[in-house]
Amino acid sequence: MTEGERYQEQRNYAKAVETYRKALNDQKLRSIFKQHLMYRIAWCLQMVKQFDGAISEYDKLLKEIQNTKYLYEAYLNKSKCALGKNDVKLALDILEQGKAHIKSAGMEDKFVYEIDLVKAKLHMDNKQPADGKLVYQRVASGAGVKYPYL
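The structure presented is a predicted model; accordingly, all values stated were derived computationally and were not measured.

### A look at the overall build of the chain
The number of helices and strands found in the chain is eight helices and zero strands. Along the chain direction, N to C, the helices and strands of the chain fall in the order α-α-α-α-α-α-α-α. For the chain, the C-alpha atoms occupy an extent of roughly 50 × 30 × 25 Å along the three principal directions. The proportion of buried residues among the 150 residues of the chain is 41%. For the chain, the proportion of contacts with a sequence separation of at least 24, taken over those separated by at least 6, is 47%. Summed over its atoms, the accessible surface of the chain is roughly 8,800 Å², and 50% of this surface lies on carbon and sulfur atoms. Side chains of the chain carry 26 positive and 19 negative charges; the gap between the two charge centres is 1 Å.

### Points about the nonpolar core
Residues Tyr20, Cys44, Tyr58, Tyr72, Cys81, Ile102 and Ile115 are the most contacted members of the largest nonpolar core, which totals 36 residues. Dropping the residues within four chain positions of it, Tyr20 is found in contact with Met1, Gly4, Glu5, Gln8, Leu37, Arg40, Ile41 and Cys44.

### Structural notes on the side chain of Asn77
Here Asn77 lies in helix α5 (residues 71-84). Taking relative accessible area as the criterion, Asn77 reaches 7% and is therefore assigned buried. Setting aside its immediate chain neighbours within four residues, Asn77 contacts Tyr39, Trp43, Gln46 and Tyr58.

### Side note on helix α6 (residues 88-104)
Under the 1.5 Å per step criterion, the end-to-end length of α6 is 25 Å for 17 residues, consistent within 8% with the ideal 24 Å. The complete set of buried residues in α6 reads Ala91, Leu92, Ile94, Leu95, Gly98, Lys99, His101 and Ile102. At its buried positions, α6 is contacted by α4 (51-64), α5, α7 (109-125) and α8 (129-143). Downstream of α6 by one or two residues, Gly106 has phi in the positive range, about 75°.

### Brief notes about the side chain of Lys119
Of note, Lys119 is situated in helix α7. Classification of Lys119 as buried rests on a relative accessible area of 9%. Not counting residues within four places of it along the chain, the set of residues in contact with Lys119 comprises Leu92, Leu95, Glu96, Lys99, Val135 and Arg138.

Conventions used here
- All residue numbers refer to position in the chain's written sequence, counted from 1.
- Only residues with pLDDT of 70 or above have their local features reported here, since the model is predicted, and side-chain atom pairs are shown and tallied only from 80 upward, although totals for entire chains, interfaces and linings are computed over all residues.
- The basis for the side-chain values is all heavy atoms of the structure; hydrogens and waters are excluded.
- Only runs of H or I of at least four residues qualify as helices and only runs of E of at least two qualify as strands under DSSP, and these elements are numbered from the N terminus.
- Relative accessible area decides the class of each residue, using a 1.4 Å probe on protein chains only: under 20% of the type maximum gives buried, over 50% gives exposed, and in between gives partly exposed.
- The contact definition used throughout considers only heavy atoms, calling two residues in contact when any of these lie within 4.5 Å.
- Method for areas: the Shrake-Rupley scheme with a 1.4 Å probe, in which residue coverage is limited to the protein chains shown.
- For this count, His and the chain ends are skipped, Lys and Arg are scored as positive, and Asp and Glu as negative.
- Every charge is mapped to an atom, namely NZ of Lys, CZ of Arg, CG of Asp or CD of Glu.
- Take the buried residues of types Ala, Val, Leu, Ile, Met, Phe, Trp, Tyr and Cys, join any two whose side-chain atoms come within 4.5 Å, and each joined set is a nonpolar core.
- Any helix carries an expected span of 1.5 Å times its number of residues minus one.

Rendered as structure tokens:
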């Protein structure tokens, strides 16, 4: 894993992915490291604009380790990959799936509100101000005093 991280830091993403995949196939791999490797593979593919591959890898992570520590990040990054493919509808759908998964995993509401903020910005950026405004209002009324920093 350390070798893959070194390649990743050097922005040699292809070599990092190759190294992480080898580590994933190692029979001696401790299960605690699996989600880290899976997430890093997806992230590296995203960095080289292999968006379909990255989405597929994020999906594998979310399926295999449903309550991964990367749950929130995986959905945000999947939506960024959809945007990289110029598919705003897919990006919004992914964020909605993320909200449902986050809720079912029992994560804090702040993650749902943060995803809604991303959705609102997407609507605004894509000339859908009415939709964006509705989402912003939902966040403002729902987050209230509990999450004033949102």
